[in-house]
Amino acid sequence: MLSFGNSIAQSQSSKGEVYVATNGIMKWTKNNEEVHGFGVNYTVPFAHGYRTAKHLNINLKKAIDNDVYHFSRLGFDLYRIHVWDTEISDTLGNLIENEHLDAFDYLLKKLKEKNINFIITPIAFWGNGWPEPDENMPGFSNKYGKNDCLTNPEAIKAQQNYLFQFLNHVNPYTGVAYKDEPNIIAFEISNEPHHRGDAESVTKFVQGMTNSVRKTGTKKPIFYNISHAVHFADAYFSGGIQGGTFQWYPTGLGYQRELSGNLLPNVDAYKIPFEEMIKKHKGAKLVYEFDAADVGKSYIYPAMARSFREAGIQIATHFAYDPTYSANVNTEYNTHYMNLVYTPQKALSLMITSEAFHQIPMHKNFGKYPDNTSFDNFKVDYQNDLAEYNSTHKFIYTNNTSTKPLNEKKLNQIAGFGNSEIVNYEGKGAYFLDKLSKGVWRLEVMPDAVWVDNPFGHNSPKKIIGVVNWAAWKMKINLNDLGSNFSIEAINDENIFSPQIYKTSFSIMPGTYILSKKGISKNWSSKDEWKNNKLNDFFAPKSNVTKTYLKHIPVKEISENSELEITAQIVAQKNPEKVELWSYNGFKREILTMKKNGYNYSVKIPSEIIKTGYLNYQIIVKEEDESITFPANLEGEPNDWDFYERSTYEISIVPNSNPIYLFNAKKDADLLVKEWRNTFKLVPTKNEDEAEYQLNIEKLFVQDNENLNAEPIYDYSFKHFILDKIEGRKTDLSSKENLIFYGRALNNKPCKLQIAFVMNDGSSFGKIIEIGTELKEYKLSLNDLSPVKTVTLPRPYPSFLSYYLEHGIRSNFDIKNSESIQFSIGPGIPNNELEDAHGISIISVSLK
């Protein structure tokens, strides 16, 4: 039989250890080749991940097996974790060998089997609670807390003792101590230490930690976080480290909902202002955490990899991969969401990102946005939510694509979602197609993933945000190497599905299959070794759709006599027999049947119904033995005598001449993208159901404790997304001439305010107006707008990154391309007033 795999131990040992060369690049000792690596953070052995598994009666080791298998399918070859030291140490820093350490050891063993290397951060400083309350743990971090851990002599002594014992710990599953483990590339001392005080003390602290590591005899590179308190970067290197670790959260953290608009400008570049200092110390650079938080789209990650590589970042790990057993509720880190089963498109984007870290040379420059959206064999496309890798041997895509494979004859790996020239698939899961030999391919199909609620909100084990559904969907494979009427054989355990093929089309269920060209004799066994796995490996949770879920957000406002299409996503245990929309205009009721396309049901509302007033409607899902009415989400239909819930969806229908309201303080204040200040508040006005949002800025420039050397920027900017506000009024935009700001200035003095429209390409067009202390409408003519600086909002972490977008955009203002409004207090303010307090109060912003 065929063997498609290689010995892991041989592969790893052949490279030797890792060292940092004089040019600041990590290399393997035996071949002097650059170290490559990309993967994820994954926390199952500790804290919330561990407790959740126990609460659900999950076999933790089996869960690790399954998730690590998915890592291998996504092409990951790197893993990182900040170990919850508080769970495996005592107050003196003695290592406690318990169930957490055992689970961690097992995880490292499984990663090693898949030829995945590790970056280990032994000290986290955190309590073990998040998002739950902290437990009273025995460790030094629980006793001292992060701040004292950095300064208290007894806490420092405990950490040094802990590091020595941790590195000397022998993993019982491998028989190798961490200090000697070939798959451990490097150690990062601690997670985000946030140093304060003087440089000499910081160097002394770091030197004490590196001495403890070196006392074990290990020669592995030691890294330290230099993206926090960056003014101490020189002091960190003076403490005996060989490299610095970085993070990147370009879309902020914790917006509580999905961010909208084009976020590629936010990841245009990763500029390190103290790069020359790193070069002076010949330091290496790695990224320990990154994510586009609160982003549900798939296009952005490879662009981040491009910027990382341009900045000389050698390896990186995403934060954080959700355990599959809890990904349906996303309780671990609600601002992040990543899992192959539940977020297939995002996971495929990470697969492409891994290719970028292995293929793009460090320091290669691809120019500025928007000229850098295609780079080498990679492409990112905001408009179509598409990331793509198209090389001679591999074709990976995150959404429908019309791109032709670079060389179909030489293709040996395809992974995707949706449709391409090679694969057409109606399902909502990822698929993988790998060439085993001439005319023989391995097909792996994941079940459908359907988001039924906001994954980035206040999550709970009681709130389902994503479901998995197993269904048979049509697939078509157009590969000359397979031809037509090829055979398909299910090979994963318990898979008895037998597809019927018509030319190149067939129905398929989740599972693993072998596709063989007609006339090819079988030369494989389902248990053959293949890419550090077995040929028949497969894992996906079973369908967990236990009720009918309907997801629908009505457009807020539309223009009269316009066309309207209403779409709802519906997933149920059984396909609905019929879905109807009942619309109401006064006492008149219209019943329309919604058409099915996968999980989406849609209907077009005749324009004669779209008259000034309100369109109220309900959606009735008719199943075999019941009907469910939404938005009430109750069994029954509205014409049943005992159906008591009369709630409806509602859309305002207005004349074309009506203003287009872009911001309403009462409704939208919580949606502003801003840096919080304790002087902000929402206050009712004297008018019914009206409020003003008061933004009083006591200081335009606030010293950043993480970057004391930063040049002052006297600007406070915030923005508001308007895509949902203009969605139903796009045809009226060209008739609007003025932006109307209804509000006033605070602090008993006028305030200069720059208001700008941010376009879908990241450029901004605005003007400064002076807001007086009188509450009234302030008018800004759209004809007077000119290019202004775009502030990168949300503000990123780390805070040393650029405040303004530096771009090469050459577009003109077109209000139809607007995605958000940027408000800036700072432009136009005289130098002698920059240190003063400034403030505005907003009630509404509209177009007239």
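Refer to the structure presented above.
In short, a report on the structure. (Residues numbered from 1 in each chain as written. Predicted model: local features only at pLDDT ≥ 70, side-chain atom pairs only at ≥ 80, totals over all residues. Heavy atoms only, no water.)

**Observations regarding the pattern of salt bridges**
To be explicit about the condition: Salt bridge, as used here, is a side-chain nitrogen of Lys or Arg placed within 4 Å of a carboxyl oxygen of Asp or Glu. What counts as a helix is a DSSP run of H or I of at least four residues, what counts as a strand is a run of E of at least two, and both are numbered from the N terminus. Burial here depends on accessible area, computed with a 1.4 Å probe over protein chains only, as a share of the maximum for the residue type. Under 20% is buried, over 50% is exposed, and the range in between is partly exposed.
Following the criterion strictly, the structure yields 44 salt bridges and no others. In this structure, E258 engages K297 in a salt bridge whose closest nitrogen and oxygen atoms are separated by 3.1 Å. One end of the pair, E258, is in the loop between β10 (243-248) and α10 (275-280); the other, K297, is in the loop between β11 (284-290) and α11 (301-310), and 39 residues separate them in sequence. Here E770 makes a salt bridge to K752, at a shortest N to O gap of 3.4 Å. In this pair, E770 sits in strand β46 (residues 764-771) while K752 sits in strand β45 (residues 751-759), placing the two residues 18 residues apart along the sequence. Residue class for E770 comes out partly exposed when judged on its relative accessible area of 47%. The network of salt bridges with shared partners includes R73, D434, R442, E444 and K531.

**As for the packing of aromatic side chains**
Which entries qualify depends on this criterion: Aromatic contacts are taken between Phe, Tyr and Trp rings whose centres are within 6.5 Å, Trp giving its six-membered ring; a plane angle under 30 degrees counts as stacked, one over 60 as edge-to-face, and the others as tilted. To sit over a ring, a charge needs its Lys NZ or Arg CZ within 6 Å of the ring centre and within 35 degrees of the ring normal.
In this structure the tally under the stated criterion is 50 aromatic pairs. Between Y42 and F71, the ring centres sit 5.2 Å apart and the planes meet at 90 degrees, which makes this aromatic pair edge-to-face. Within this pair, whereas Y42 is found in the loop between β3 (38-41) and α2 (47-55), its partner F71 is found in helix α3 (residues 60-73), the two being separated by 29 residues in sequence. One cation-aromatic arrangement involves K522 over W524; the distance from NZ or CZ to the ring centre is 4.3 Å. Sitting over the ring of W470, K542 keeps its end group 4.1 Å from the ring centre.

**Considering the environment of I156**
Heads up, the rule is: Whether two residues are in contact is decided by their heavy atoms: any pair within 4.5 Å suffices.
Relative to the assigned elements, I156 resides in helix α7 (residues 153-168). Taking the C-alpha atoms as reference points, I156 and N748, 592 residues apart in sequence, are found 51 Å from one another. For I156, the contacting residues outside a window of four places in its chain are C149, L150, T151, F205 and M209.

**Things to note about the sheet that holds strand β25 (residues 505-508)**
Stated precisely, the cut-off is as follows: DSSP-based pairing: two strands are paired if at least 2 bridges between them are found. Think of each axis as a best-fit line through the C-alpha atoms, taken over the contacting stretch in the case of a helix, with angles from 0 to 180 degrees between the N-to-C directions.
What the three strands build is an open sheet, ordered β18-β23-β25; its pairing is antiparallel. Each end of this open sheet is capped by a strand with a single partner; those strands are β18 (423-425) and β25. Here the average twist between neighbouring strands, direction ignored, is 25 degrees. Note that β18 and strand β23 (residues 473-477) share three bridges and pair antiparallel. Looking at β23, one finds that Y425 is bridged to M475.

**Thoughts on the pairing of strand β5 (residues 117-121)**
Consecutive side chains of a regular strand alternate in pointing toward one face of the sheet and then the other. Most of β5 is tucked away, with five of its five residues classed as buried. Of the two faces of β5, the one holding N117, I119 and T121 and the one holding F118 and I120 are both buried throughout. By the bridge criterion, five bridges tie strand β4 (residues 78-82) to β5 in an arrangement that is parallel. Bridge pairing links H82 to T121 in β5.

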